[in-house]
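Observations on the model geometry
In case you want the letters, here they are:
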Protein chains: 2
Amino acid sequence: MAAAHLELIALPGLPTIREGDDLARLIVDAAALGGLQLDDRDVLAVAQKIVSKAEGRAIDLRQVVPSEMARLLAARTGLDARLIEAILAEGEVLRSRPHLVIARHRLGLVLASAGIDRSNVESEEDGERALRLPLDPDASAARLRARLRELTGVAPAVVVTDTFGRPFRLGAVGTAIGAAGLPALLDLRGRVDRNGRTLQATEIGLADEIAAAASLLMGQADEGQPVVLLRGLELPPATPAPAAALVRPPADDLFG
Amino acid sequence: MAAAHLELIALPGLPTIREGDDLARLIVDAAALGGLQLDDRDVLAVAQKIVSKAEGRAIDLRQVVPSEMARLLAARTGLDARLIEAILAEGEVLRSRPHLVIARHRLGLVLASAGIDRSNVESEEDGERALRLPLDPDASAARLRARLRELTGVAPAVVVTDTFGRPFRLGAVGTAIGAAGLPALLDLRGRVDRNGRTLQATEIGLADEIAAAASLLMGQADEGQPVVLLRGLELPPATPAPAAALVRPPADDLFG
């Protein structure tokens, strides 16, 4: 966190991702195309969408049969009952209102539609498909990192990013759902400021800050820049922690 | 949002900030020291702490007389009753538990201790001082930007940043409390993805993403790097909006 200079570079030339694609290979190729050699100190922010696509997490809504509960929630929100059924299969609905369902995903993530996205699924598809989050995004990040090491001999940290709405704040922001090779939650407890006073902010959502930074380059309008390389981040010595560490336990939440 | 490359540079050599300091002048000097010439397309992220200090927002807790309510909350949380009194003067307490008070600041911001910070107040002080948020951080950002234009002829966008805890997520992250010269909340409603589908995330918390990115360089441990220059951010054409636009109206909040 003490670097004087940080660079973010969107990797160029990534193709549309399909199920079974070797993302690590495509990332290495894209980095080479950009004249970049990956480094152990780099961080790669990778959009959830392409991880989910590579892992075959798309579903065909025509094959989803809505339950009674899904039909009730659909009537209340105006959303597609099949989409709601898919959401219910991913987690527990916490709140709803017209055009919006907020769910707690089984991963603990609280987000709209349990992270299921109907935009930007394969361009040649018929619009009846939706994309779910990876089954285990921390494991996805770890696998991607291991495969990068296999291909290149170096293992940049990996953050899988999504875009979350938030209580109290308008506007969605990039947020980490998976991480490997860095402390997603950076614990500064016990450290003191230069006057010897205990720090006010003692745990930093490092991977979330990385995801938000990467989101500035990824944009929203297409998946043209789904991988962003961060170079120059100087991390304090700390044990790596997955993005699961960023999930506040419900019992600890004053607003849930 | 479509740049391929984004640079973040912590401005070097900023002195400890004191009440009445001309922050713009100090920033221009620090940029020059770093060999940087400011540009209209740059964004300057400025830590709330130095804005508050320059604006004389420190208070001496020895002069604060706690009310009955403050003493009750102090007993419940273990926090200093004078600090709680200062919090109550800044906003409304929403939740509390041992060592933590979450308040809605009169600016609408929901954050710990209404943003009042006891760490890193002047090093020569006696520890009885605390720092409040700027009176109007959007106006602070606008004034800083106007003064930069006066001094240099160019007007980078300005984001005043603080560090917020969050519902549902552990770890504090950089968050925007003031902004000038950019759309703090970027409205993409009506835009469509490349398949003609309406975007899922239609409002982006742009200034919050900028604050989170800058926070990666600012660090937490001291105020050594309280100004970060972002260069290369390509913003879509959009009307500027202040950070106040990022405050979700309580009536719109499903979790407040």
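Since the structure is predicted, the reported quantities are computational estimates derived from the model, not experimental observations.

**What to know about the sheet that holds strand β6 (residues 110–112) of chain A**
Residue and element names in this part refer to chain A. The strand order across the open sheet built from three strands is β4-β5-β6, with neighbouring strands paired in antiparallel fashion. Each end of this open sheet is capped by a strand with a single partner; those strands are β4 (91–97) and β6. Each strand axis lies, on average, 25° off the axis of its neighbour in the sheet, ignoring direction. As judged from the six bridges shared by β4 and strand β5 (residues 100–105), these two strands associate in the antiparallel manner. The residue bridging Arg-97 from the neighbouring strand is Leu-100, located in β5. Against the sheet, helix α3 (residues 68–77) makes contact with β4 and β5, and its axis sits at roughly 25° relative to β4, the strand it touches most.

**What to know about unusual backbone geometry**
Although it is not a glycine, His-99 of chain A sits at a positive phi angle of roughly 70°. Structurally, His-99 of chain A can be placed in the loop between β4 and β5. For Phe-168 of chain B, which is not a glycine, the phi torsion comes out positive at approximately 75°. The residue Phe-168 of chain B is located in the loop between β8 (157–164) and β9 (173–180) in this model. Looking at Phe-168 of chain B, the relative accessible area reads 6%, which means it is buried.

**Side note on the sheet that holds strand β6 (residues 110–112) of chain B**
Strand pairing in a sheet relies on backbone hydrogen bonds. The paired strands run either parallel or antiparallel. Residue and element names in this part refer to chain B. The three strands lie next to each other as β4-β5-β6, forming an open sheet whose pairing is antiparallel. This sheet does not close on itself; its edge strands, each paired only once, are β4 (91–97) and β6. Taking the axes of each pair of neighbouring strands and ignoring which way they run, one obtains an average angle of 25° across the sheet. The strands that helix α3 (residues 68–77) touches are β4 and β5 (100–105); relative to β4, the one it contacts most, it runs at about 25°. Sheet strands touched by helix α4 (residues 81–90): β4 and β5. Its angle to β4, the strand with the most contacts, is close to 135°.

**Considering helix α5 (residues 137–152) of chain B**
All names here are of chain B. Between the first and last C-alpha of α5 there are 22 Å, a value that for 16 residues agrees with the 22 Å anticipated at 1.5 Å per step. Those residues of α5 that fall on the buried side of the exposure criterion are Pro-137, Asp-138, Ser-140, Ala-141, Leu-144 and Leu-148. Looking straight down α5, one finds that the buried residues subtend no more than 160° of arc, so they occupy a single side. Looking at the buried residues of α5, the elements they touch are α1 (23–33), β2 (43–47), α2 (48–54), β8 and β9. Phi for Gly-153, located one or two positions after α5, is positive at around 85°.

**Re the packing of α1 of chain B against α5 of chain B**
Residue and element names in this part refer to chain B. Contact geometry for α1 and α5: axes closest at 9 Å, N-to-C directions at 55°. When the axis of α1 is compared with that of α5, the two are oblique. The hand of the α1/α5 crossing is right-handed. Along the contact surface, α1 presents Leu-23, Ala-24, Arg-25, Ile-27 and Val-28, while α5 presents Leu-144, Arg-147, Leu-148, Leu-151 and Thr-152. Classifying every residue of the contact of α1 with α5 gives seven nonpolar, one polar and two charged.

What counts, and at which threshold
- Residues numbered from 1 in each chain as written.
- Chains lettered and ligands numbered in written order.
- Predicted model: local features only at pLDDT ≥ 70, side-chain atom pairs only at ≥ 80, totals over all residues.
- Heavy atoms only, no water.
- Pairing = 2+ DSSP bridges.
- Helix = DSSP H or I, 4+ residues; strand = E, 2+ residues; numbered from the N terminus.
- Axes fitted to C-alpha atoms, helices over the stretch in contact; angles between N-to-C directions.
- Contact = heavy atoms within 4.5 Å.
- Buried < 20%, exposed > 50% of the residue type's maximum accessible area, 1.4 Å probe, protein only.
- Expected span 1.5 Å × (residues − 1).
- Arc of directions from axis to C-beta.
- Parallel < 35°, antiparallel > 145°, perpendicular 65-115°, else oblique.
- Left-handed = near helix turned anticlockwise from the far one by under 90°.
- Nonpolar A, V, L, I, M, F, W, Y, C, P; charged D, E, K, R; others polar.

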